[in-house]
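Structure at a glance
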Amino acid sequence: MTLRRIWSWIIILLGAAYFLLPLFGMLQFSLKMKRGVYSFEAYRVVLRDPQFQQTFSYSVILALLTIVIGTLIVVPTAYWVRLKLPRLRPVVEFITLLPLVIPPIVIVFGYIRLYNTSSVLPLTGSWIGTNILVLFGYTTLALPYMYRAVDTGLRAIDVATLTEAAQSLGASWTRILATVILPNVLVSVLSGAFLTFAIVIGEYVFAALLNLNTFGPYMVWMGGNRAYEPSALAVIAFGITWACMGLIQLFTRFSKFSSAKR
Amino acid sequence: MAFLELSHLEKSFGPTRVVKDFDLSIEKGEFVSFLGPSGCGKTTVLRMVAGFETPTAGSIVIDGQDVTALRPNQRNIGMVFQAYALFPNLTVAQNVGFGLRVSGLGRAEIAGRVAEMLKLIGLADLGARYPFQLSGGQQQRVALARALAVRPRVLLLDEPLSALDAKIRVSLREEIRAIQRELGITTIFVTHDQEEALSMSDRVVVMTNGIADQVGTPFEIYNRPTTRFVAQFVGTLNLLDARVVDAAVGNVTVGETPVALNRSLNGAHGPISLALRPEVIALGRHTARAVVLTGRIAEVHFLGSVIRIRVNVGGNLISLDTFNRPDAPPPAVGSAAEISIAESDLLVLTD
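None of the values given here were measured: they were computed from a predicted structure. (Residues numbered from 1 in each chain as written. Chains lettered and ligands numbered in written order. Predicted model: local features only at pLDDT ≥ 70, side-chain atom pairs only at ≥ 80, totals over all residues. Heavy atoms only, no water.)

1. Some details on the overall build of chain B
Cut-off, in case you're wondering: Strands here mean DSSP runs of E at least two residues long; helices mean DSSP runs of H or I at least four residues long; both are numbered from the N terminus. Accessibility here uses a 1.4 Å probe with only protein chains present; expressed as a share of the type maximum, an area under 20% marks a residue as buried, one over 50% as exposed, and anything in between as partly exposed. Working definition of accessibility: Shrake-Rupley area with a 1.4 Å probe, residue cover restricted to the visible protein chains.
Looking only at helices and strands, chain B features eight helices and 20 strands. When the 351 residues of chain B are sorted by exposure, 51% land in the buried category. Approximately 15600 Å² of chain B is accessible, and the part contributed by carbon and sulfur atoms is 51%.

Structure, rendered in C-alpha cells:
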C-alpha cells in the first residue's frame, strides 16, 4: 500500500514538473535581461513599448466585442432551442462544436475566398469590413465554449415555467430574455466570456492572415526578433489567462443568488 | 353572457384529442375547480385560457372580448404554477412588482402596490428576501401576490398546492379562498385532489378523457353524481349489483332481497348498479331506513374519530363509516351484521 502511494506521488511530481519546469524556466529567463541580477527590465521594456500598448488594447477591444456578439447570438439561441426545439439540441450542439474540429486556418481561408475584394460582399476591402469579419471569426471560435456554458446554465433553471410566468405577467420575448433569462445565466455567460477573452487575446491565425495588428502577431514578431522580451510577454499573457480563470471562480462563488436551490 | 365563456374548445396533440368539445360559462367572481385524474385535459384547458396552448377549435371570450388569438402577454391573466416559478434573481418585492414594471407603472405606485400585496399574503416584512430563502408555502404565496398584483381579469391556479406538505396545503387553500373572496376575482383552479376542489369551489367541473363529465356545486357533485365516473372519482362509493323487477315503480332485487326504490327507473331492465356513500349506511336496523341487507363483517379500520367497516353483502364489499363511541367497541371481523339504508340514499347509475 505504502509503496503504491509513493509511486503515485512520484508520478504526480513528474507530471507537475513536466508542466511547471518550462514555466519556471521561462519566468526565470524573463527576469535575466540585466546581466548577473534578476530584474523586471524585460517587463519594463515590453510594457513601455507603444506597439505593445496599441496591439494589446486592440485585442482587448476585439475580445470584448466578441463577447457581446457571442452573448447576443448564443443566449437567445440556446434559450429558444431549450424552450421550443429540444429535438434540435444535438444538431445545434454539433454545429457549435465544429470550430474545435475545423482548424482556424481553414475557416480564414474560406473567409478570404468568400469575402475578398472581387466578391459580392467585399469585406476584406475595407478596415471596418475586415474588423467585422475577424469579430465574426472570433465569435465562431468562441462558440463551443459559450454555447456549452450557457446551455448548462439554462439547465439549472426551469426555463419553460419561468417563461410562462413572465408571459402571463405581460412580458414580451425581449423583456423575458433581458430580465429573466440573462440574469439567471449570467454566471455561465461570464465563464464563457472569460474563456473567449483568453482565446481572442492570444489568437494569431485570423489576425495574421487578415493582416491586423493584434496582440497575437505582435507576440510572434517579438519572438522572432528579441531575446528576453518574448518570455516576459508570455508570462504576461499567461497571467492574463490565469486571472480570467480566477475571475470565473470568483463570480461563481460570489453571485448573490447562485446558492439558490432550484 | 357570462364573464368567461369557453365554447366548443378542442385540443389535439397529433392524433390524440386531449380536450373534446369543452363548454363552460364562468360568472364574474366565481371560483371554479377543474377536477380529474392526470391526463384528463384539465391543465390543457387552463393553459388554453392562459394562452400557452392554442385551441385546435373553439373560442375563449373574457368579458366580451375574444382572446382566442391573443398572445399570453396580451391577455391580462394571472397564473400560479405548481412549481412556484418565482424569478430566482429577483427579491420577493421585485417578483411581486415584475408585472407592474412591465406595464410601465411609476416607481412609487409599484412600491405602494407591492406593499399592499405583501400585506395581503401576510409576508409584509419579507420583501427583501430572495425566493430561495423562503419555505415552499411562502414562495407559493409570493407567486399568488405576483399574479394578483397586475389586477388580472382572471386568476388561474395550476395545482398550486400539490408541491406543499399536507398541513400547509390546508391552511393555504383557506387563505387562497379568503383572498379570492376579498378581491372578488374570477378564478379557475386545477386540481386532482377532490377535497381541495370540494372545499374551495363555488362550482366543480369533473373531467375525464377531455370532456366535462359533470358541472355543479360541490354539494351536487358529491350527492347527485350523474355518471359512474363522477360517482367513483369523487368520494368513496359502494356499488351494489341489482336486478330490475318493475321499472315503473322502482322495484329491484339485491341478491335475494327485494328493495323498493319508490321512483321510476325510466324503463331500465335487467341488471343495474346501485351506488351509495359510506356515510348513509348504518349498522343494525333503524326505523327511518327501510332497506335492510345482511352480510358479514370483512374488515374493520379504526381511524380515530371514525371507524370504517367493510361488510360483505352477497359478494359486494360495502364500506360504511361509523363514529367512534368509547362505550361501544367496534364489531369483530367475521361476525354476522345487518346494514340499513334509506331507499332515497341509493343512487341509480345510468351509464
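2. Observations concerning the overall build of chain A
This is how the line gets drawn: Charge assignment: positive for Lys and Arg, negative for Asp and Glu; neither His nor the chain ends contribute. Just so you know, the charge point we use is NZ for Lys, CZ for Arg, CG for Asp and CD for Glu.
Looking only at helices and strands, one finds 12 helices and zero strands in chain A. Shown N-terminal to C-terminal, the secondary structure of chain A runs as helices and strands in the order α-α-α-α-α-α-α-α-α-α-α-α. When its C-alpha atoms are laid out on the principal axes, chain A stretches across 75 × 70 × 30 Å. Within the span of chain A, comprising 262 residues, buried residues form 39% of the whole. Accessible area for chain A stands at about 15000 Å²; split by element, carbon and sulfur atoms hold 71% of it. Charge-centre separation for chain A: the mean point of 20 positive side chains lies 7 Å from the mean point of 8 negative side chains.

3. Remarks on the nonpolar core
Here is the rule: To form a nonpolar core, buried Ala, Val, Leu, Ile, Met, Phe, Trp, Tyr and Cys residues must be joined to one another through side-chain atoms within 4.5 Å. By definition, residues are in contact when any of their heavy atoms lie within 4.5 Å.
Residues Phe-22 and Phe-34 of chain B are the most contacted members of the largest nonpolar core, which totals 91 residues. Among the elements that take part in this core, helix H4 (residues 136–149) of chain B stands out by supplying seven residues, more than any other. Ignoring anything within four residues of it in the chain, the contact list for Phe-34 of chain B reads Phe-22, Leu-24, Lys-42, Val-45, Leu-46, Ile-188, Phe-189, Val-190, Thr-191, Val-205 and Met-207 of chain B. Grouped together as the second largest cluster of nonpolar side chains are 38 residues, Ala-42, Val-108, Val-134 and Phe-206 of chain A included.

4. What to know about the sheet that holds strand E13 (residues 257–260) of chain B
All names here are of chain B. We count it as follows: Strands were regarded as paired on the criterion that DSSP finds at least two bridges between them.
Across the sheet, five strands lie side by side as E13-E12-E11-E14-E20; this open sheet has antiparallel pairing. Only two strands of the sheet have a single neighbouring strand rather than two, namely E13 and strand E20 (347–348). Two elements, strand E11 (residues 238–246) and strand E14 (residues 271–276), share six bridges in a ladder whose sense is antiparallel. Bridge assignment links Asn-238 to a residue of E14, and that residue is Leu-276.

5. Describing the layout of surface pockets
Residues and elements named next belong to chain B. To keep things clear, this is the line we draw: Buriedness of a pocket was judged along seven lines, with at least five required to meet protein on both sides within 12 Å; pockets are open sets of points on a 1 Å grid over the protein atoms alone, cavities are sets where a 1.4 Å probe fits but cannot get out, and lining residues have an atom within 4 Å of a point. Grid points are joined across faces, edges and corners, and a volume is the space filled by probe spheres set on the points. Put simply, Ala, Val, Leu, Ile, Met, Phe, Trp, Tyr, Cys and Pro go in the nonpolar bin, Asp, Glu, Lys and Arg in the charged bin, and everything else, Gly too, in the polar bin.
In this structure, the largest pocket occupies an estimated 410 Å³ of space. Along its surface, the largest pocket is lined by 17 residues, and Leu-283, Asp-321, Thr-322, Phe-323 and Arg-325 are the ones closest to its centre. The set of elements that each furnish at least two residues to the lining of the largest pocket consists of strand E15 (282–283), strand E17 (306–313) and strand E18 (316–323). Of the residues that constitute the lining of the largest pocket, the class distribution is 11 nonpolar, two polar and four charged.

6. Description of the environment of Ile-179 of chain B
Residue and element names in this part refer to chain B. In this structure, Ile-179 sits in helix H5 (residues 166–183). When its relative accessible area of 6% is taken as the criterion, Ile-179 is described as buried. C-alpha of Ile-179 to C-alpha of Ala-145: the two residues are 34 residues apart in sequence and 9.9 Å apart in space. Leaving out residues up to four positions away in the same chain, Ile-179 has contacts with Leu-120, Ile-121, Leu-144 and Leu-148.

7. Looking at the sheet that holds strand E3 (residues 31–35) of chain B
Residue and element names in this part refer to chain B. Rules: Here an axis means a line fitted to C-alpha atoms, over the contact stretch when the element is a helix, while the angle between two N-to-C directions is reported on a 0 to 180 degree scale.
With mixed pairing, the six strands of this open sheet are ordered in space as E6-E7-E8-E3-E9-E10. Two strands in the sheet have a free side with no partner beyond their single neighbour: strand E6 (77–80) and strand E10 (211–216). On average, adjacent strands in this sheet sit at an angle of 20 degrees to one another, irrespective of strand direction. Here strand E9 (residues 203–208) pairs with E10 via five bridges, running antiparallel. Of the residues in E10, the one forming a bridge with Thr-208 is Ile-211. Taken strand by strand, H4 contacts E6 and strand E7 (154–158), and its axis lies near 175 degrees from that of E6.

8. Structural notes on unusual backbone geometry
All names here are of chain B. Here the phi dihedral of Arg-151 falls at roughly 50 degrees; this positive angle occurs in a residue that is not glycine. When you line up the elements, Arg-151 lands in the loop between H4 and E7. One non-glycine residue with positive phi stands out, namely Asn-209, at about 50 degrees. Here Asn-209 is to be found in the loop between E9 and E10. What makes Asn-209 exposed here is its relative accessible area of 55%.

9. Here's the deal with the interface of chain A and chain B
This is how the line gets drawn: Here the buried area means the combined drop in accessible surface, using a 1.4 Å probe, for two parts upon being joined, counting both sides. Put simply, a salt bridge is a Lys or Arg side-chain nitrogen that is within 4 Å of an Asp or Glu carboxyl oxygen. Polar contact is the term for a pair of N or O atoms within 3.5 Å; when the atoms are in protein, one must be able to donate a hydrogen and the other to accept it, and sequence-neighboring residues count only if both atoms are side-chain atoms.
Taken residue by residue, the interface counts 23 residues in chain A and 22 residues in chain B. A buried area of about 2100 Å², summed over both sides, lies between chain A and chain B, and 66% of it is on carbon and sulfur atoms. Among the residues of chain A in contact with chain B, Glu-164, Ser-168 and Leu-169 of chain A are the three that bury the most area, contributing 31% of the side total. Our enumeration of links across chain A and chain B arrives at one salt bridge. Between Glu-164 of chain A and Arg-47 of chain B there is a salt bridge, with its nearest N and O atoms 2.6 Å apart. Across the contact surface, chain A and chain B share four residue pairs in polar contact (both at pLDDT 80 or more). For the side of chain A that touches chain B, the secondary-structure elements that each account for two or more residues are helix H7 (159–168) and helix H8 (173–184) of chain A. In terms of residue class, the side of chain A that touches chain B is built from nine nonpolar, eight polar and six charged.

10. Things to note about helix H1 (residues 42–50) of chain B
Residue and element names in this part refer to chain B. Burial analysis of H1 places eight of its nine residues in the buried class, which makes it a mostly covered element. Of all the residues in H1, the buried ones are Lys-42, Thr-44, Val-45, Leu-46, Arg-47, Met-48, Val-49 and Ala-50. Trailing H1 by a residue or two, Gly-51 shows a phi angle of about 100 degrees, which is positive.

11. Digging into the pattern of salt bridges
Using the criterion set out here, one finds 20 salt bridges over all chains in the structure. Between Asp-151 of chain A and Arg-82 of chain A there is a salt bridge, with the nearest N and O atoms lying 3.2 Å from each other. Taken together, the residues Asp-151 of chain A in helix H6 (residues 127–155) and Arg-82 of chain A in helix H3 (residues 50–83) connect sequence positions 69 residues apart. Judged by relative accessible area, Asp-151 of chain A falls into the buried class, the value being 3%. When the shortest N-O distance is used, the salt bridge between Arg-141 of chain B and Glu-175 of chain B registers 3.3 Å. With Arg-141 of chain B in helix H4 and Glu-175 of chain B in helix H5, this pair connects stretches of sequence that are 34 residues apart. Its relative accessible area of 26% is what places Glu-175 of chain B among the partly exposed residues.

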